[in-house]
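Listed below, chain by chain, are the residues.
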Amino acid sequence: MQSRSFSRIHTGGDHSAGLPSHGIHTNEGEGKRDTAVQPESMEKLQSLENPTMFHNEVHCSQPVTNKNVDIIKIKRIEDIGYAQSESVVLNAFSPDTDAHLTSGLYFEDGKRHVDYVLVYQYKKSSRKVLSSRHRGSVENRQQEVDIDLNMQPSDFPEDDRRLRREEYELNLLDAGLELESDEETKAYGLGFVKIHTPWHVLCREAEFLKIKMPTKKVYEVKQKSGIVSKISNILHKITSPLRPKVEDHDNVTYKHLSYPFSREKKHLFDLSDKDNFFSSTTRSTIVYEILKRTTCTKAKYSMGITSLLASGVYMAAYPLHDGHYRGEATEPNDRKLLYQQWASYGIFYKYQPLDLVRKYFGEKIAFYFAWLGVYTQMLIPASTIGIIVFLYGCATVNENIPSMEMCDHRANITMCPLCDKTCSYWKLSTVCATARASHLFDNPATVFYSIFMALWAAMFLEHWKRCQMRLNYKWDLTGFEEDEERLKDHPRPEYEARVLSKVLKKELQKKEETEQEKLTWKDRTPAYITNIVSILFMIGLTFAIVFGVILYRISTAAAMAVSPDAYAKANVRVIVTATAVIINLVVILILDEVYGAIARWLTILEIPKTDKSFEERLIFKSFLLKFVNAYTPIFYVAFFKGRFTGRPGKYTYIFRDMRMEECAPGGCLMELCIQLSIIMLGKQLIQNNIFEIGVPKLKKLMRYMKAKREAKLETETNSKIPRQYESDYNLEPFAGLTPEYMEMIIQFGFVTLFVASFPLAPLFALLNNVIEIRLDAKKFTSELRRPNPAKSKDVGIWYNILRGLGKFAVIINAFVISFTSDFIPRLVFMYLYSPDRTLNGFTNNTLSYFNVSHFELGSEPLEPMALGYQVEICRYKDYREPPSSSQPYDLSKEFWSVLAARLAFVIIFQNLVMFMSDFVDWMIPDIPKEISERMSKEKLLMVEMFLKEEQIKLQIVEALSSQDKERTEDSSDECPKEGLAERSDNCAGGGADSSQSHLIKETDMI
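Residues numbered from 1 in each chain as written. Predicted model: local features only at pLDDT ≥ 70, side-chain atom pairs only at ≥ 80, totals over all residues. Heavy atoms only, no water.

Let us now look at the overall build of the protein. Counting its secondary structure elements, the protein contains 33 helices and 17 strands. Classification of the 1006 residues of the protein by burial places 50% in the buried group. Expressed as a percentage of contacts within the protein between residues at least 6 apart in sequence, the contacts between residues at least 24 apart total 80%. Put simply, the protein shows about 49,000 Å² of open surface, and 59% of that area lies on carbon and sulfur atoms. (Helix = DSSP H or I, 4+ residues; strand = E, 2+ residues; numbered from the N terminus. Buried < 20%, exposed > 50% of the residue type's maximum accessible area, 1.4 Å probe, protein only. Contact = heavy atoms within 4.5 Å. Areas by Shrake-Rupley, 256 points an atom, 1.4 Å probe, with all protein chains shown as cover.)

Structure below.
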């Protein structure tokens, strides 16, 4: 059995009262608390007499004057969360009667709420050795360590971390925070430092951070009127079953004016409920800002919480969840409500409670889910039109003349061999099924759908900008730019450590102090060179893998051609295509993970100064590598396969004996559709089911089993309920939103870039996203630690990537329609070569003639009689002159006519669609009219409120000055001449005091 560990409670000293900040010792074993402030000498004496007292005290290191500072190696840091130890706390505290105490959400007094938690690891043995040591300077400590033979070398870093930690906590106390610590009794245990922010610190920091808070002033929100109001009410009633059962902030009649908090203007805010005036996310934000700017040393070079986490002084730092998220006995809290009304798969059809998400996780995460929700909603019309296009292809497949001609056995068209020697002649009618299937995706409706999807992408981006402005207004994020500029300048710990190392190196060389240093391009040049070389190598690796798959397809097709299995010989194209796509899918999934890790490593090498710069550079590298990885096989099939094969008698070869593969007579569009669908669906299914569901659960189980094995706890002793900060530590650290956005951006590329070849892509994306929203919601509420709340006014650089993909999609779809599909050749044939302006004879027009006697020596088929008769002329898909022409096998006039039409279509399609997209962008304003009017009204009301306040103050001052003047005149008449000045001062002072109290009352009433 493990007993409750000792705790120490620190309260921030009231500097206004002139009281020092000292620890308050708590001895829970005796059941009483000593709240007397103890001087430092008394604490030293108690620490020497009682080792247990030393266990609970704080050690304050003296200012470090020696510049030979030990630099602890910086670890890798995630986007927002940090790579943490894999240990798990399994021991539980003894049950308490008070629910507040057992939950771990409050201090031991059950009144002060825990706003933040710091976790550190310590060794019990080292603390016992140190308990007999005096507090002193770092130099004295180092001498004692050298003399003490019982200390092991492995304990030195632990001692250094403890010193840094204790001084850092003292500085937190000086900043006004209140601390309480719990430590385990295991030899290698974890300690938890709980942080509470008192009211005066919240007010001070809220004013410093310019946090907007609702004022007492409210105004009526203008409601829609007339037929618009009736339609809005009808839609609200229709969609009421789709709304979650949470507080609705959409249809509010009145809204509070918001203003940056100021202690001088407290009378503007409703402070009747101080405990809930600042939300939990606001309190966490304030604590995190204090932790970042508080240093752990008084020397020239400081380390904030990010540096302390990176160097292992603390293992983790996170805000607490509100409580447990399931169980009938669990008290109602926001986390439980989110789990029930947001993270459940059973309510996939409902809207997201974005206001509650923002309240619990902050604006940055709320904006991600808002964007994902808008994107998913916009996929509904795209999916509907895509289904209609697909059904149109199904309905007209029997009326498609080219596929009917290819399926006509009476035409008796003999095709040239698909490979040298082992392949023989074959009938065109054998690809009848492929030709009919190609029409499902290669029909006139595909062109219309490509134009529609280009406009859809523009509409989606404009709609999101408008929704974004609505959320900015609703969440009081207007004018957030100033805060963003201030926050992005905070340097990262790796940057600080590199600058510190650079300064120390210079000081050792010059033997003098240096001024403030920073990293220059010379310091980063090796990292830049490494980045360029690594990125080019990985792009080359992707191309090499695609080339390897091409060789696999060629060799496998040649091998299957001589297979004795008749089924394999008859379905060579299908088998080779399917297996090659599966290989591509597996490679893409593996390289996705590898490239993500390499992109992070390359970004760390650059040592960006700020988190914002780090995130943007990481996003750029990850997107570049993952884009190339996901789309290279698709680009090959769409634009390169079959373009450089040559012709019979003069084929293009790889390694002299491997002939380049060619498209089917119906074109490569069907194969492109198969490639795109398998990669897209496989990526979504495997990443969602294995990477996002299975891997986190497996890692959680492995951590639990590892911790249980290390702690050697039996099942009976593990029945105690862990406190909230212990449960949260066992969860996965938050690693940022980059993987979530990246997954959706790649999907957006699948939906827009090659939609001409796969109209059902938006439908599968819609089905995936409906599950993805609930999956991510479940992960955030139950699988991850609560992230540090971060403010944001948009989705950041991701919007620019989406906009770039939308523009790029127009170009790609233009080339797919003109060069990959047969849409342009059909139009050219109908209007230039068809006698009746129909497609009758189109198949024959696209096939050229070849005399089999012109085969290169050694490339002719080994079985020329495979069809049962002697073949003299075979056909192949190309526009070339016949053998009887004066220029045999040269490109014909039809080829140049089709090429000119294709290029003209690309230019017209690209410019027309981009013009229409820009026109849509111009027509739709970024800010909705009603939001713009409300924002203007808020500014006017705010100005009026302050003008009115100033007028009242002026009136009060004028009234006071007139009263003072009257009293002065009266007192000069009544008071005798002796002591007149003294009495006048006394009378005037008394009047001023009373008038001042009246002024205060009047001001409070404003």
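Picking up where we left off.
Here we come to unusual backbone geometry. If you check the backbone angles, aspartate 476 has positive phi at about 60° while not being a glycine. Secondary-structure assignment places aspartate 476 in the loop between helix H17 (444-474) and helix H18 (481-487). Judged by its relative accessible area of 22%, aspartate 476 falls in the partly exposed class.

Another aspect to go through is the environment of leucine 839. Within the secondary structure layout, leucine 839 lies in the loop between helix H29 (823-833) and helix H30 (842-846). A C-alpha to C-alpha distance of 7.3 Å links leucine 839 and phenylalanine 829, two positions 10 residues apart in sequence.

Take helix H31 (residues 893-923) next. Because an α-helix packs 3.6 residues into every turn, residues spaced three or four apart end up facing the same way. Between its first and last C-alpha, H31 extends 45 Å over 31 residues, near the 45 Å set by a 1.5 Å rise per residue. When we look at burial in H31, the residues that qualify are Val898, Arg902, Phe905, Val906, Phe909, Val913, Met914, Ser917 and Val920. Along its buried surface, H31 packs onto H17, helix H28 (797-820) and H29. (Expected span 1.5 Å × (residues − 1).)

Moving on, we get to the state of the cysteines. The final tally for this structure, using the stated rule, is three disulfides. With a sulfur-sulfur separation of 1.9 Å, cysteine 407 is cross-linked through a disulfide to cysteine 432. Given an S-S torsion of about 95°, the disulfide between cysteine 407 and cysteine 432 has right-handed geometry. Of the two residues, cysteine 407 sits in helix H15 (residues 401-407) while cysteine 432 sits in helix H16 (residues 432-441), which places them 25 residues apart along the sequence. Side by side, cysteine 407 and cysteine 432 carry an identical accessibility label, which is buried. Here cysteine 419 connects covalently by a disulfide to cysteine 423, the sulfurs 1.7 Å from one another. With the S-S bond torsion at 90°, the cross-link from cysteine 419 to cysteine 423 turns out right-handed. By the burial criterion, cysteine 419 is buried, and cysteine 423 matches it. (Disulfide = S-S within 2.5 Å.)

Inspection of the secondary structure puts serine 727 in helix H25 (residues 724-729). By relative accessible area, serine 727 is classed as buried at 17%. Residues contacting serine 727, with those up to four places away along its chain left out, are His324 and Pro722.

It is the contact of helix H23 (residues 611-639) with H28, at a shortest axis distance of 13 Å, that shows an interaxial angle of 10°. By the angle class used here, H23 and H28 are roughly parallel. Residue-level contacts link Glu616, Ile619, Phe623, Phe627, Phe635, Ala638 and Phe639 of H23 to Ile797, Trp798, Ile801, Leu805, Phe808, Ile812, Phe815, Val816 and Thr820 of H28. Taken together, the residues that form the contact of H23 with H28 break down as 14 nonpolar, one polar and one charged. (Axes fitted to C-alpha atoms, helices over the stretch in contact; angles between N-to-C directions. Parallel < 35°, antiparallel > 145°, perpendicular 65-115°, else oblique. Nonpolar A, V, L, I, M, F, W, Y, C, P; charged D, E, K, R; others polar.)

What follows concerns the packing of helix H12 (residues 334-341) against helix H27 (residues 761-783). Packing of H12 against H27 brings their axes to within 10 Å, and their N-to-C directions diverge by 160°. One finds that H12 runs roughly antiparallel with respect to H27. The crossing of H12 and H27 is left-handed. Between H12 and H27, the residues in contact are Arg335, Leu338, Tyr339 and Gln341 and Arg774, Lys778, Thr781 and Ser782, respectively. Taken together, the residues of the contact of H12 with H27 break down into two nonpolar, three polar and three charged. (Left-handed = near helix turned anticlockwise from the far one by under 90°.)

Right, let's talk about the pairing of strand S4 (residues 116-123) for a bit. Most of S4 sits inside the fold, with seven of its eight residues counted as buried. In the sheet, S4 pairs with strand S9 (residues 316-318) via three bridges, with the strands oriented antiparallel. Across the sheet, valine 117 pairs through a bridge with tyrosine 318, a residue of S9. (Pairing = 2+ DSSP bridges.)

As a further point, take a nonpolar patch on the surface. A cluster of nonpolar side chains, namely Ile227, Val228, Ile231, Ile234, Leu235 and Ile238, defines an oily patch on the protein surface of about 600 Å² accessible area. Within the element layout of this structure, isoleucine 227 appears in helix H8 (residues 227-238). (Patch = residues over 30% accessible without salt bridge, like charges linked within 9 Å, V, L, I, M, F, W, Y side chains within 5 Å. Salt bridge = Lys/Arg side-chain N within 4 Å of Asp/Glu carboxyl O.)

Residues at a pLDDT of 70 or more form 77% of the protein, whose mean pLDDT is 77. Mean pLDDT across the elements of the protein ranges from a minimum in helix H2 (residues 51-56), with 35, to a maximum in helix H14 (residues 363-395), with 93. Low pLDDT, under 50, characterises residues 1-98; the predicted model gives this stretch 215 contacts beyond four residues in sequence or across chains. Contacts of residues 713-719 to residues separated by more than four positions or lying in other chains number six contacts, the stretch itself having pLDDT below 50. (pLDDT = per-residue confidence, 0-100.)

Quick look at the packing of aromatic side chains now. Enumeration according to the criterion identifies 56 aromatic pairs in this entry. Measuring from ring centre to ring centre gives 6.1 Å for tryptophan 199 and phenylalanine 277, while their planes differ by 65°; the resulting arrangement is edge-to-face. Of the two residues, tryptophan 199 is situated in helix H7 (residues 199-209) and phenylalanine 277 in helix H9 (residues 274-277); the sequence distance between them amounts to 78 residues. Taken as a pair, tryptophan 199 and phenylalanine 277 share a single burial class, namely buried. Relative to phenylalanine 780, the ring of phenylalanine 734 has its centre 5.7 Å away and its plane inclined at 55°; by these criteria the two rings are tilted. Here phenylalanine 734 is found in the loop between H25 and helix H26 (738-753), whereas its partner phenylalanine 780 is found in helix H27, with 46 residues between them in sequence. For the pair phenylalanine 734 and phenylalanine 780, a shared accessibility class is recorded, and that class is buried. Its guanidinium or amino end placed over the ring of tyrosine 651, arginine 659 lies 3.5 Å from that ring's centre, counting from NZ or CZ. Over the aromatic face of tyrosine 849 sits the side chain of arginine 875, whose NZ or CZ is 3.8 Å from the ring centroid. (Phe/Tyr/Trp six-rings, centres within 6.5 Å; stacked < 30°, edge-to-face > 60°. Lys NZ or Arg CZ within 6 Å of the ring centre and 35° of its normal.)

The next point concerns the pattern of salt bridges. It is possible for side chains bearing opposite charge to pair when their charged atoms get close. Evaluation of the coordinates by the stated rule reveals 40 salt bridges. With its nearest N and O atoms 3.4 Å apart, the salt bridge here joins lysine 359 to aspartate 334. A residue pair is termed long-range when its members are at least 10 positions apart, and lysine 359 in helix H13 (residues 354-361) and aspartate 334 in helix H12 qualify at 25 residues. The class of lysine 359 is partly exposed, set by a relative accessible area of 42%. One salt bridge in this structure joins lysine 474 and aspartate 355, with 2.9 Å as the shortest N-O distance. Residue lysine 474 is located in helix H17, and its partner aspartate 355 is located in helix H13; the two are separated by 119 residues in the primary sequence. The exposure class assigned to aspartate 355 is buried, which follows from its relative accessible area of 17%. Linked by salt bridges that have partners in common, Glu462, Lys465, Arg803, Asp921 and Asp926 make up one network.

The subject of this paragraph is the nonpolar core. Counting 112 residues, the largest nonpolar core has Trp371, Tyr375, Trp456, Tyr631 and Phe754 as the members making the most contacts within it. Broken down by element, this core gets its largest block of residues, 14 residues, from H14. Contact partners of tyrosine 375, with chain neighbours within four places excluded, come to Trp456, Phe460, Met744, Gln747, Phe748, Val751 and Asn769. Within the second largest apolar cluster, 49 residues are counted, among which are Tyr116, Leu173, Tyr288 and Tyr473. (Core = buried A, V, L, I, M, F, W, Y, C linked by side-chain atoms within 4.5 Å.)

So, about the environment of phenylalanine 655. Take phenylalanine 655: it is sitting in the loop between strand S14 (653-654) and strand S15 (658-659). Residue phenylalanine 655 is classed as exposed on the basis of its relative accessible area of 56%. Once residues within four sequence positions are removed from consideration, phenylalanine 655 is found in contact with Phe547 and Leu551.

Turning to its location among the elements, lysine 255 is positioned in strand S8 (residues 254-260). On the basis of relative accessible area, lysine 255 is assigned to the buried category, the value being 13%. Separated by 34 residues in sequence, lysine 255 and valine 221 have C-alpha atoms that sit 6.6 Å apart. Ignoring any residue separated from it by four or fewer positions in sequence, one finds lysine 255 in contact with Lys217, Val218, Tyr219, Val221, Tyr473, Asp476 and Glu938. Within the structure, the side chain of lysine 255 is placed 3.3 Å from the side chain of aspartate 476, a separation counted as a polar contact. (Polar contact = N/O pair within 3.5 Å; in protein donor to acceptor, adjacent residues only side chain to side chain.)

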